[in-house]
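Geometric and topological summary
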Amino acid sequence: MPEQGPEVADAQREHWRRTYAEHPGMYGEAPSAAAVHAAAVFCVAGAGDVLELGAGHGRDALYFAGCGFTVRATDFSPAGLGQLALQAAELGLGSSVSVLVHDVRRPLPLPDGSVDAVFAHMLMCMALSTPEIRQLADEVRRVLRPGGTFVYTVRHTGDAHYGAGTAHGDDIFEHGGFAVHFFDRALVDALAEGWELREVHAFEEGDLPRRLWRITQTLPGGAAPDAGGE
């Protein structure tokens, strides 16, 4: 099986830049169901600020800001973040939302223990190698305050596109121009080591439909939020 190298992720960065430039607001204005759930969990946990990884054009970041959170939105696509910043200003949320172009293969440009909550909708399952995913989870842990909450979603190995298209190794398959690292449960459990794993919720999204897990985990040291369910 071919090995997944940095060139795959680099190609995906260009693919997403072009996609956002050609299709402004491609995911619409309504927040994802995962973000609606995460906002409720963050509120129960008493979070004030949220770091969103892979914010894209910002439908979820804007929702978080509308809920009263201060949001730091990162993505490796300047085009998507530009759309987010413009819409935040138009909605009067500019003071609540900051944007930062960032490649999650590098350390997060934030101090230790500087955010209350982290959200990532399908960012963790992009064209990242398993070591890169583990490193990113470690970075999330580093920037969260004690008791902080991490909610993320990933496509898993029960998805219809798992095993389809171009194989890049490490459970990464490219279909329709988009490369996805499909998670198995062992990887979810490995990323939760040292955390309190609150929930692994299976759900579907989109027309295929995509099959995903929504994971809620917290750092020790604070009140535990109720992960709830749908």
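Residues numbered from 1 in each chain as written. Predicted model: local features only at pLDDT ≥ 70, side-chain atom pairs only at ≥ 80, totals over all residues. Heavy atoms only, no water.

Examining the overall build of the chain
Each helix and strand in the chain was counted, giving six helices and 10 strands. Burial statistics for the chain: of 230 residues in total, 51% are counted as buried. Across the chain, every contact between residues at least 6 apart in sequence was considered, and the portion connecting residues at least 24 apart equals 71%. Summed over all atoms, the accessible surface of the chain reaches about 9,700 Å², with 52% contributed by carbon and sulfur. (Helix = DSSP H or I, 4+ residues; strand = E, 2+ residues; numbered from the N terminus. Buried < 20%, exposed > 50% of the residue type's maximum accessible area, 1.4 Å probe, protein only. Contact = heavy atoms within 4.5 Å. Areas by Shrake-Rupley, 256 points an atom, 1.4 Å probe, with all protein chains shown as cover.)

Details of the sheet that holds strand E8 (residues 178-181)
Backbone-to-backbone hydrogen bonds pair the strands of a sheet. The strands run either parallel or antiparallel. Within the open sheet, the three strands sit side by side as E6-E7-E8. Their pairing is antiparallel. Both outer strands of the open sheet, strand E6 (166-169) and E8, are each paired with one neighbouring strand and no more. In this sheet, adjacent strand axes meet at a mean angle of 25 degrees when their direction is disregarded. In this structure, E6 lies alongside strand E7 (residues 172-175), joined through three bridges in antiparallel fashion. The partner of Thr166 across the bridge, within E7, is Glu174. (Pairing = 2+ DSSP bridges. Axes fitted to C-alpha atoms, helices over the stretch in contact; angles between N-to-C directions.)

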